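# Residue-level structure breakdown
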Amino acid sequence: MDTLKYIIITHIFAIIAWPVASRLFQSFPDRGWVFSKIIGLTLSAWVVWFVVSLRLISFSGYAFIMFPLILFILTWGIGSSWSRSRVKIMARDMVGLFFGKNKNSFSIFSEVLFLLAVFCWIEVRSHHPSINGLEKFMDYGFLLSSYKSEYFPPLDHFFAGETVNIYYFTHYLAAFISRITFVEPQISFNLQTTLVLAFAVSGAFSISSAIAGGLGLADGRAKIAGVLGAIMMPLAGNLHYMFYRLVRFINLTFDTKFDLFLKSEMPYHYPAATRYIPFTIHEFPLYSFVVNDLHAHLSNIPLALLLVALFYSAFISIYKGLDFSKSFIHFVSLSFFIGLCYPSNAWDYAIYLLLFGFSTWTVFALIKSGELPFSYFDPGVLIKTGIISALALVFSILPFLPFWISLSPPAKGIGMVPAGGGSAMYQLIIIWFLHLYFLICYFYYSGVHDGKNESGKVSSDIELTHNFIRLVLLFSLLLIIIPEIIYIKDIYPGHIRANTMFKLGFQAWILMSICLAPVIVYIWNLLSKVRKKTRFLYISITVALFLFSLYYSGIAIYNGSFLARPRESLDGMNFIKNIDADDHSVISWMNKNISGQPIIVEGVGDSYSYYGRVSTFTGFPTVVGWPVHEWLWRGSIDQSVKPVSRLEKLTGIPDTVNRRVDDVKKFYETASVNEAKEFIKKYGVRYVYIGNHERNKYPGLNDQKLSEIANIVFSSGKSKLFKVKKN
């Protein structure tokens, strides 16, 4: 039933945004149906987020539901110029995508893929729905805090008294859908990752099939390209496993010790494909879906796909010199959705703002003379590119000013990769071999097409699409190269470029996969005109590479999602019963009986551990939790946090992560009632939790003092919840 609610709500949002999407993606085979869902959802959520951030309404009630309705009236009203007859035409066009004599096979195909992805991934998630392990406590805590927040930014569940100081919009988006569908948050967590996968599959199909059409491929082959995109981008793995098997075979057959750091003497462990290059992370979408962390890089995939689709649509439309209104709506849409990346995943904001600049530069250069790269350096081209890019920067910031104002960026600057600190060439080839093979084939064979007139200027949609593909592929290579030269500084001295390689490489995978899927079919089409042996060899290699890639995917999904386990419900909180049933009972009671977001105190443990479970699964801020993460978000562990906390402003005493950790320890172990009272007053604590983990963490725990300052409001076994007395 909950899954059905999610399917229904996404289609309601698609209807809301249909007038916008159908205009933006008029040249797409599916008329933009896939992206109407993403636009409708994100635009509705943004409107609510904006007014709540300005404190015009509260998110704790349900008044926010009126804003999607207002948005529906505006999109259909403005889209039809407030004409009833045009409304009927737009509605007929939308319904006609799926019904009638002229129904759109691409829209139907994308819808089938969307639903197939939903139901298949729900089946996968039902075998391992627990919100536990890696950074799920962080992700779910952000989601639940957003769900319960009165205003934005949401409260930081791991740092009482402060708001979240990292990008959180995708977690809020999950909370928004959970609220509007009346689905419990612990179920919404798994439904949200499923929804992201469905958007990834159907969105990749839409873009790849559109690019294939731009390359002049017939509808049947464009659909094949779309399906390849739907597989290659979100479902394929890199070829680390293929090289592992190859090296293992060589060593066993010839009794050698050839290894390439593949550890071929050990049983294969699927996470190794994302940690192969030492001290780095090079994840790809399939792996992120398997581990099921609701991280920003994963949750932002639908927005990244929307931007790629907008880039392609705008690239074609602006070059063709279509009417001003169409160019303007592309500009506004690109600026807005690039801007939305900043509160969603700031890395993507920088990446797609840069891609906007390169795309604009390329379009103006093509319009100038069609001769690349020489026209890039024409003064007029440079001036126009600078002006448009500057305007895009401004318009990408304005709608999200509340976030820009509230955030104190945790980044510590840019560093240079030291000599010998980069990747070996063979390592990059191993993890990018799937894409590099088709990229090389494309640049080798892409000259075998027509599309230029005698003067050498661009004269066809096909050549224009080729220019777009080249732009995106070269930009993707740039994203891969950058972490070999520079990195963004953070708190991990032993893994200086891990995060930079991770975030840039993740987007490079998305961009290349979307563009190379149609390229694969395009080359196949070209080779049909040459020797059959060459075509057979190309197809054989292609099939072999995809088989190895998908075999890895099968290993990862089976092992990572514990498919050997029996099916469960999608309730991600049930795992707590197996770890500590008393914890589960108390947390459930708190969620049912305590409103708002009162401050609590619980035991403090390491990041990635079970500690922090009460604040995570109630959304009630604890004095401090997961200290290393707070260090990452707030700039320091033993100096004043950034931004300066309310507590420090009030007391004038430096508020540090370590001081809070020490204060919590002293509170649990002190026998002094006065010291306990001072702690409670200092941090505004309303509830105190004592469970098995608190007793294990603090051997000197003394709860006798609490009898004078708090009452037990609920207990289960040895777990007790105290409510601080009002006096």
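In this text the structure is predicted, and so the values were computed from the model without any measurement.

Rules and cut-offs
Residues numbered from 1 in each chain as written. Predicted model: local features only at pLDDT ≥ 70, side-chain atom pairs only at ≥ 80, totals over all residues. Heavy atoms only, no water. Helix = DSSP H or I, 4+ residues; strand = E, 2+ residues; numbered from the N terminus. Rg over C-alpha atoms; globule rule 2.2 N^0.38 Å. Buried < 20%, exposed > 50% of the residue type's maximum accessible area, 1.4 Å probe, protein only. Contact = heavy atoms within 4.5 Å. Areas by Shrake-Rupley, 256 points an atom, 1.4 Å probe, with all protein chains shown as cover. Lys, Arg positive; Asp, Glu negative; His and termini not counted. Charge placed at Lys NZ, Arg CZ, Asp CG, Glu CD. Pairing = 2+ DSSP bridges. Axes fitted to C-alpha atoms, helices over the stretch in contact; angles between N-to-C directions. Expected span 1.5 Å × (residues − 1). Parallel < 35°, antiparallel > 145°, perpendicular 65-115°, else oblique. Left-handed = near helix turned anticlockwise from the far one by under 90°. Nonpolar A, V, L, I, M, F, W, Y, C, P; charged D, E, K, R; others polar. pLDDT = per-residue confidence, 0-100. 1 Å grid on protein atoms, 1.4 Å probe; cavity = no way out; pocket = protein on both sides within 12 Å on 5 of 7 lines; lining within 4 Å. Points joined across faces, edges and corners; volume = space filled by probe spheres on them. Salt bridge = Lys/Arg side-chain N within 4 Å of Asp/Glu carboxyl O. Disulfide = S-S within 2.5 Å. Polar contact = N/O pair within 3.5 Å; in protein donor to acceptor, adjacent residues only side chain to side chain. Phe/Tyr/Trp six-rings, centres within 6.5 Å; stacked < 30°, edge-to-face > 60°. Lys NZ or Arg CZ within 6 Å of the ring centre and 35° of its normal.

## Things to note about the overall build of the protein chain
Helices and strands together make up the secondary structure of the protein chain, namely 30 helices and six strands. In terms of overall dimensions, the protein chain is globule-like: its C-alpha atoms have a radius of gyration of 27 Å, near the 27 Å expected for 727 residues. Projected onto its principal axes, the C-alpha coordinates of the protein chain cover approximately 90 × 80 × 55 Å. Burial status across the protein chain gives 58% buried among its 727 residues. A separation of at least 24 residues holds for 74% of the contacts in the protein chain among residues at least 6 apart in sequence. Split by element, the accessible area of the protein chain, about 29,500 Å² in all, is 64% carbon and sulfur. The distance from the centre of the 63 positive side-chain charges to the centre of the 46 negative ones in the protein chain is 6 Å.

## Some words on the sheet that holds strand S4 (residues 685-690)
One open sheet holds the four strands; their spatial order is S3-S4-S6-S5, and the pairing between them is mixed. The open sheet terminates on both sides in strands that have one partner only, identified here as strand S3 (599-601) and strand S5 (710-716). Sheet twist, expressed as the average angle between the axes of neighbouring strands with direction ignored, equals 25 degrees. Note that S5 and strand S6 (residues 719-724) share six bridges and pair antiparallel.

## Some details on helix H8 (residues 185-214)
Between its first and last C-alpha, H8 extends 42 Å over 30 residues, near the 44 Å set by a 1.5 Å rise per residue. Across the 30 residues that make up H8, a large majority, 29, are buried. Where H8 ends, the next residue or the one after it, Gly216, has phi of about 85 degrees, a positive value.

## What about the packing of helix H2 (residues 33-53) against helix H3 (residues 66-79)?
At their nearest, the axes of H2 and H3 sit 9 Å apart, and the two run at 125 degrees to each other. Taken together, H2 and H3 sit at an angle that is classed as oblique. Two packed elements cross with a definite hand, and for H2 against H3 that hand is right-handed. Taking contact as the criterion, the partners of Leu43, Ser44, Val47, Val48 and Val51 in H2 are, on H3, Phe67, Pro68 and Leu71. For the contact of H2 with H3, the class distribution of residues is seven nonpolar, one polar and no charged.

## Details of the confidence of the model for the protein chain
For the protein chain, the mean per-residue pLDDT works out to 90, and 95% of the residues sit at or above 70. Across residues 449-459, confidence stays below pLDDT 50; counting only partners more than four residues off in sequence or on other chains, it has 24 contacts.

## Let's talk about the layout of surface pockets
To locate leftover empty space, one rolls a probe as large as a water molecule over the atoms. For the second largest pocket, the calculated volume is near 1,200 Å³. Lining the second largest pocket are 49 residues; nearest its centre among them are Lys148, Ser149, Glu150, Leu155 and Gln597. Among the elements of the structure, helix H6 (136-148), H8, helix H17 (401-406), helix H23 (581-593), helix H26 (646-651) and helix H28 (673-683) are those that each provide at least two residues to the lining of the second largest pocket. Here the lining of the second largest pocket is built from residues that sort into 23 nonpolar, 14 polar and twelve charged.

## A short note on the environment of Ile16
With respect to the helices and strands, the residue Ile16 is situated in helix H1 (residues 2-24). What Ile16 contacts, discounting residues up to four positions off in sequence, is Ser44, Pro68, Leu71, Phe72, Thr75 and Trp76.

## What about the environment of Ile338?
If you trace the backbone, Ile338 turns up in helix H14 (residues 324-344). Here Ile338 falls in the buried class, since its relative accessible area comes to 1%. For the pair Ile338 and Ala392, spaced 54 residues apart in sequence, the C-alpha separation works out to 8.8 Å. Apart from the residues lying within four places of it in its own chain, the contact partners of Ile338 are Leu307, Phe311, Tyr349, Tyr352, Leu353 and Phe356.

## Regarding the pattern of salt bridges
As a working rule, side chains carrying opposite charge can pair if their charged atoms are close by. Under the definition given, this model contains 17 salt bridges. The partner of Asp293 in a salt bridge is Lys136, with the nearest N and O atoms 3.1 Å apart. Placement of Asp293 in the loop between helix H11 (285-291) and helix H12 (296-299) and of Lys136 in helix H6 is noted, with a sequence separation of 157 residues between them. You'll find Asp293 and Lys136 in the same group, each marked buried. Lys720 is paired through a salt bridge with Asp703; the nearest N and O atoms lie 4.0 Å apart. Taken together, the residues span a long stretch of sequence, with Lys720 in strand S6 and Asp703 in the loop between helix H29 (692-697) and helix H30 (706-709) at a distance of 17 residues. Residues joined in a network through salt bridges with shared partners are Asp583, Glu602, Arg613 and Glu694.

## Focus: the state of the cysteines
When the sulfur atoms of two cysteines share a covalent bond, that bond is a disulfide. Considering all chains together, one arrives at zero disulfides under this definition. Looking at the unpaired Cys341, the closest cysteine sulfur is the one in Cys515, lying at 17 Å.

## Quick look at the side chain of Lys705
Inspection of the secondary structure assignment puts Lys705 in the loop between H29 and H30. Buried charge Lys705 goes without a salt bridge, the closest partner of opposite sign being Asp703 at 7.1 Å. Separated by 3.0 Å, the side chain of Lys705 and the backbone oxygen of Phe667 make a polar contact. In this structure Lys705 touches Phe667, Tyr668, Glu669, Thr670, Ala671, Ser672, Val673 and Ala676, once residues within four positions along its chain are discounted.

## A short note on the packing of aromatic side chains
In total, this model carries 70 aromatic pairs according to the counting rule given. Relative to Phe403, the ring of Tyr168 lies with its centre 5.7 Å away and its plane at 55 degrees, an arrangement referred to as tilted. Of the two residues, Tyr168 is situated in the loop between H6 and helix H7 (169-181) and Phe403 in helix H17; the sequence distance between them amounts to 235 residues. An identical accessibility class is assigned to Tyr168 and Phe403; each is buried. Its end group placed over the ring of Phe106, Lys223 keeps NZ or CZ at 4.2 Å from the ring centre. It is Lys384 that lies over the ring of Phe364; its NZ or CZ is 5.9 Å from the centre.

## Thoughts on the packing of H1 against H7
The N-to-C vectors of H1 and H7 enclose an angle of 105 degrees; their axes lie 10 Å apart at closest approach. Here H1 is positioned roughly perpendicular relative to H7, judged by the angle of their axes. Taking contact as the criterion, the partners of Lys5, Tyr6, Ile9 and Phe13 in H1 are, on H7, Ala174, Phe176, Ile177, Ser178, Ile180 and Thr181. Of the residues that constitute the contact of H1 with H7, the class distribution is seven nonpolar, two polar and one charged.

## A closer look at the side chain of Ser423
Looking at the secondary structure, you find Ser423 in the loop between strand S1 (414-416) and helix H18 (425-445). Taking relative accessible area as the criterion, Ser423 reaches 16% and is therefore assigned buried. For Ser423, the side chain forms a polar contact with the side chain of Arg497, separated by 2.8 Å. Beyond its immediate chain neighbours, meaning those up to four positions away, Ser423 contacts Ile277, Leu428, Glu484, Arg497 and Met501.

## Describing the environment of Tyr689
Summarising the element assignment, Tyr689 is placed in strand S4. Assessed through its relative accessible area of 1%, Tyr689 is described here as buried. On a C-alpha basis, the gap between Tyr689 and Val586 in space is 9.1 Å, while along the polypeptide they are 103 residues apart. Each residue touching Tyr689, except ones within four places of it in the same chain, is listed here: Asp582, Asp583, Val586, Val601, Glu602, Arg613, Val614, Tyr668, Glu694, Ser719, Lys720 and Leu721.

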